[in-house]
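As a plain string of letters, each chain reads:
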Amino acid sequence: MADVTLTMPTAPTALRIGPYPVDPPVVLAPMAGITNRAFRSLCREFGSDTSIYVCEMITARAVVERNEKTLHMMSFDDDESPRSMQLYGVDPKTLGEAVRIIVGEGMADHIDLNLGCPVRKVTRLGGGSALPYKRRLFANIVREMVRAAEPAGVPVTFKFRIGIDDDHLTYLDTGRIAEAEGAAAVALHARTAAQLYSGAADWSAIARLKETVTTIPVLGNGDIFSADDALRMIAETGCDGVVVGRGCLGRPWLFAELSAALRGEPIPEGPTLGRVGEILIRHATLLTEHDGEDKAMRDIRKHMAWYLMGFPVGSQLRRSFATVSRLAQLDDLVAQLDPAIPFPTDALGPRGRQGSPQAKVALPDGWLDDPEDDTVPAAADVMHSGG
C-alpha cells in the first residue's frame, strides 16, 4: 500500500503494561520456534522500540531446573526493553518459583503466561487453553506469579482463548480472575481451543471481555494480517492494543505498517522481491549469530515459503531455498531472484497454520467434572520449552 493514510476514528488509548508504555499498542505474540532472539530483533528493526516483542514459550519447570537449552532460549539483545518472556506451567508452586528466579536474577522485565496453546500435547496435561476451565487452580497460579514478581516491579500478564469449545467458554471468568488477582493486562485470542487456527476469530468476544475487565488493559489477538485489520479490531472492540502472531510470518515489516497506521502516518509500500531477499539474508545472519550456522540454516528453512509467498519464483528455486544449508548458498540463491518484482497483493491475506478444527480437545481424565477442583494434574510440568 503506497501513500495511504489510515487513521483511527479516535486515537487509541495510551497502553501501559505495568511501568512500560507500549507505543504504538502492538505486541508480537510468542510463537514456539519462531519468536527467538533473531526474529524479535528483526521485527524491532521495522517496528517501534516501545512496542513489546515476546520470546517463544519457556517452561517454568525448565527454568527451575536450569535447563541449558532453555537458558539459551531466554536470552535477549542488550537494547531489548522491556524484555518480555512467556512461561508455560500448570503448577502454581513451580510457576511461582520460576518467576522468583527470573525476577531475582534480572532475566526479564515482563512475564506472560501461556493459556492459549491448543495443541494436544499441551491440553492433555491440563496446560495451555485447557487450564482456565479450572477456576480455583487458575486463581492460585495468578496469585503465586503476581506475588513472586511484585517485589521487583515486574508486570505479569495472561493470554488465553475464548474457551475449550463452544460448550465450555471460559474467557470472561478468566479475565475477571486475572484482574482480581493482580494481573497487569490480559490478551484474548478470539478462538476456542477446538478451533485451533481455523475459521474466523470472533472479535465480538474481545469486545465483551473489554466490557467485563475494566481496570486493566485488554488486548485482542486473532486474524490481524494487515494494518487495516489492526485498526478495525481496535475500532470494533475497543481493545487497548493488538497482539500479532501469524500475520508477521515471513513479513517482519508488518510492524512498520502497524506503527504507521496506528500513528496516522502513511503506510510504507510492501517490499520488492529484491528487498525481501535482503531481509531474508538479515534474518539468517541474526540466527547464525545466535545459534551457529548449522542450526540457523535448519531453522530458516521453515520461513522460506512465508517470505516468498505470492512471488513468481520457480519451483526449482523454491526447493533450493527450502533446503539451504549455508549462508553463502543463501546469498547465491537470493542473487537469482528478480529484485524489481513488486510485492504481490495476493500475499496480504492469512498465512501460517490454519487447518481444520479439532473434533474433541484432548484433556486429562475427568478434567471437566469440577471447575473448582484446584488439583494439579499429574505429570503436568514435563513439557519441554517451545512445545
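- The name that an unreviewed UniProt entry assigns to the chain is tRNA-dihydrouridine synthase, with the source organism given as Nocardia rhizosphaerae.
- UniProt, in its Sequence similarities (unreviewed entry) section for the chain, records the words "Belongs to the dus family."
- Database annotation for the chain, UniProt heading Function (unreviewed entry): "Catalyzes the synthesis of 5,6-dihydrouridine (D), a modified base found in the D-loop of most tRNAs, via the reduction of the C5-C6 double bond in target uridines."

**Quick word on helix H7 (residues 171-180)**
Thinking step 1. All buried positions along H7 are accounted for by Tyr-171, Thr-174, Gly-175, Ile-177, Ala-178 and Glu-179.
Thinking step 2. Those residues of H7 that are buried are in contact with helix H6 (135-149), strand S9 (156-165), strand S10 (168-169), strand S11 (185-192) and helix H8 (203-212).
Thinking step 3. Once H7 finishes, Gly-182 follows within two positions and takes phi at roughly 105°, a positive value.

**Overview of the UniProt feature "domain: DUS-like FMN-binding" (unreviewed entry) in the chain**
Thinking step 1. Feature annotation in UniProt assigns "domain: DUS-like FMN-binding" (unreviewed entry) to the following positions: residues 28-330.
Thinking step 2. In the segment residues 28-330, helix accounts for 45% and strand for 15%; the C-alpha atoms at its two ends are 27 Å apart.

**A few points about the confidence of the model for the chain**
Thinking step 1. In the predicted model, the chain carries a mean pLDDT of 93, and the fraction of residues at 70 or more is 95%.
Thinking step 2. Low pLDDT, under 50, characterises residues 1-11; the predicted model gives this stretch 25 contacts beyond four residues in sequence or across chains.

**Focus on the nonpolar core**
Thinking step 1. By size, the foremost hydrophobic cluster in this structure holds 89 residues, and its most contacted members are Met-85, Leu-87, Ile-102, Met-145 and Phe-158.
Thinking step 2. No other element matches H6, which puts 9 residues into this core.
Thinking step 3. In this structure Met-145 touches Leu-87, Leu-95, Val-99, Ile-111, Leu-113, Val-156 and Phe-158, once residues within four positions along its chain are discounted.
Thinking step 4. Counting 31 residues, the second largest nonpolar core, distinct from the first, contains Leu-287, Ile-300, Phe-311 and Val-324.

The rules behind the values
Residues numbered from 1 in each chain as written. Predicted model: local features only at pLDDT ≥ 70, side-chain atom pairs only at ≥ 80, totals over all residues. Heavy atoms only, no water. UniProt positions renumbered as here; feature names shortened; annotations may be inferred. Buried < 20%, exposed > 50% of the residue type's maximum accessible area, 1.4 Å probe, protein only. Helix = DSSP H or I, 4+ residues; strand = E, 2+ residues; numbered from the N terminus. Contact = heavy atoms within 4.5 Å. pLDDT = per-residue confidence, 0-100. Core = buried A, V, L, I, M, F, W, Y, C linked by side-chain atoms within 4.5 Å.

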